[in-house]
Amino acid sequence: MNKIIILLALLAILPCHAFGQDASNYEITINGETYDISLGHDYQITSDSGGKLQFRVDKKAVMTYQDGYISFRHKSDLAISSTDLGNGIRQVMTNTAVGTLVLIQEYSTMNPTAMINLMLQELTKEQRNYGYKMQKENYSKALKDGKKLKGLKATLKYNQEEEYWTVSAYGKKDRGFLVITKIDKEYLGTEKNIIDLMWETLQIES
């Protein structure tokens, strides 16, 4: 019975790390007694009957974000933020220290497909004002369940610097999703897999 309680407690706390919580501040409660635990450490607990229970909590290399409207997989060392922007818009985002970005906006009161070009212009405004030249082309992405997102891809260049943005959407009457990605050319070899994994596993509510 004690081993079952431990397993249920571990299953309850592990998903919390996907939202950027400090892994050193986890707690596990067994038979009403609470223990502080950290990821990657071995623990031993003596049960009421005198038996010793050993356990260890590790995070998976890849985790799943899910909120009832979207789900996708991501590397566990990336924090996922989910923010209610108001007016029926929720934003889910992850980004790296070098600026690689995955951003998904969920719209519950409008179809965002008409906003693609405006969103792209706003996202790249600072770079264009600085002197980056932008080239746009049509962009589409098919999900595994057959849903297709359509939008624009932009390449921004300034001297030797080059970055790539995509803004695409899936929408129906009074609802939909915007998916935005950004990566710099110099990090394609090391961080493109972040964007690829999102696209390979993204599921959105019909």
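Computed from a prediction, not measured in an experiment: that's the story for all the values here. (Residues numbered from 1 in each chain as written. Predicted model: local features only at pLDDT ≥ 70, side-chain atom pairs only at ≥ 80, totals over all residues. Heavy atoms only, no water.)

Peer 1: In this structure, what is going on with the overall build of the protein chain? I would like to understand it.
Peer 2: Across its full length, the protein chain carries 4 helices and 14 strands. Taken as a whole, the protein chain presents about 12,000 Å² of accessible surface, with 48% of it coming from carbon and sulfur. (Helix = DSSP H or I, 4+ residues; strand = E, 2+ residues; numbered from the N terminus. Areas by Shrake-Rupley, 256 points an atom, 1.4 Å probe, with all protein chains shown as cover.)

Peer 1: What am I meant to see in the pairing of strand β4 (residues 52–56) here?
Peer 2: Across a regular strand the side chains alternate sides, sitting on one face of the sheet and then on the other. Along β4, the buried face is formed by L53 and F55; none of K52, Q54 and R56, which line the opposite face, is buried. Following strand β3 (residues 42–46), the chain reverses through 5 residues before pairing antiparallel with β4; G50 in that reversal takes a positive phi of roughly 95°. (Buried < 20%, exposed > 50% of the residue type's maximum accessible area, 1.4 Å probe, protein only. Pairing = 2+ DSSP bridges.)

Peer 1: Looking at this model, I keep getting lost on helix α2 (residues 116–123). Mind explaining?
Peer 2: Three- or four-residue spacings in an α-helix give side chains the same orientation, since the helix completes a turn every 3.6 residues. Where α2 is concerned, the buried positions are I116, M119 and L120. With its buried residues spanning 100° around the axis, α2 presents them on a single face. For α2, the elements touching its buried residues are β9 (101–107), β10 (133–142), β11 (148–158), β12 (161–172) and β13 (175–184). (Arc of directions from axis to C-beta. Contact = heavy atoms within 4.5 Å.)

Peer 1: Even after reading the chapter, I still don't get the sheet that holds β12, so can you show me in this structure?
Peer 2: Consider a sheet: its strands pair through backbone hydrogen bonds, and that pairing is either parallel or antiparallel. A sheet is described by the order of its strands in space; here 7 strands give the open sequence β7-β8-β9-β13-β12-β11-β10, paired in antiparallel fashion. Where the open sheet ends on each side, the last strands, each with one partner, are β7 (81–86) and β10. Adjacent strand axes in the sheet meet at a mean angle of 15°, parallel and antiparallel pairs treated alike. Note that β9 and β13 share 7 bridges and pair antiparallel. Within β13, the residue paired with L101 across the bridge is K182. Relative to the sheet, helix α4 (residues 188–201) contacts β9, β10, β11, β12 and β13, its axis offset from that of β13 by approximately 170°. (Axes fitted to C-alpha atoms, helices over the stretch in contact; angles between N-to-C directions.)

Peer 1: Just checking my understanding: could you explain the side chain of T100 for this structure?
Peer 2: Looking at the element boundaries, T100 is found in the loop between β8 (89–95) and β9. At a separation of 2.4 Å, a polar atom in the side chain of T100 contacts the side chain of E191. In this structure T100 touches T94, N95, K182, I183, E191 and I195, once residues within four positions along its chain are discounted. (Polar contact = N/O pair within 3.5 Å; in protein donor to acceptor, adjacent residues only side chain to side chain.)

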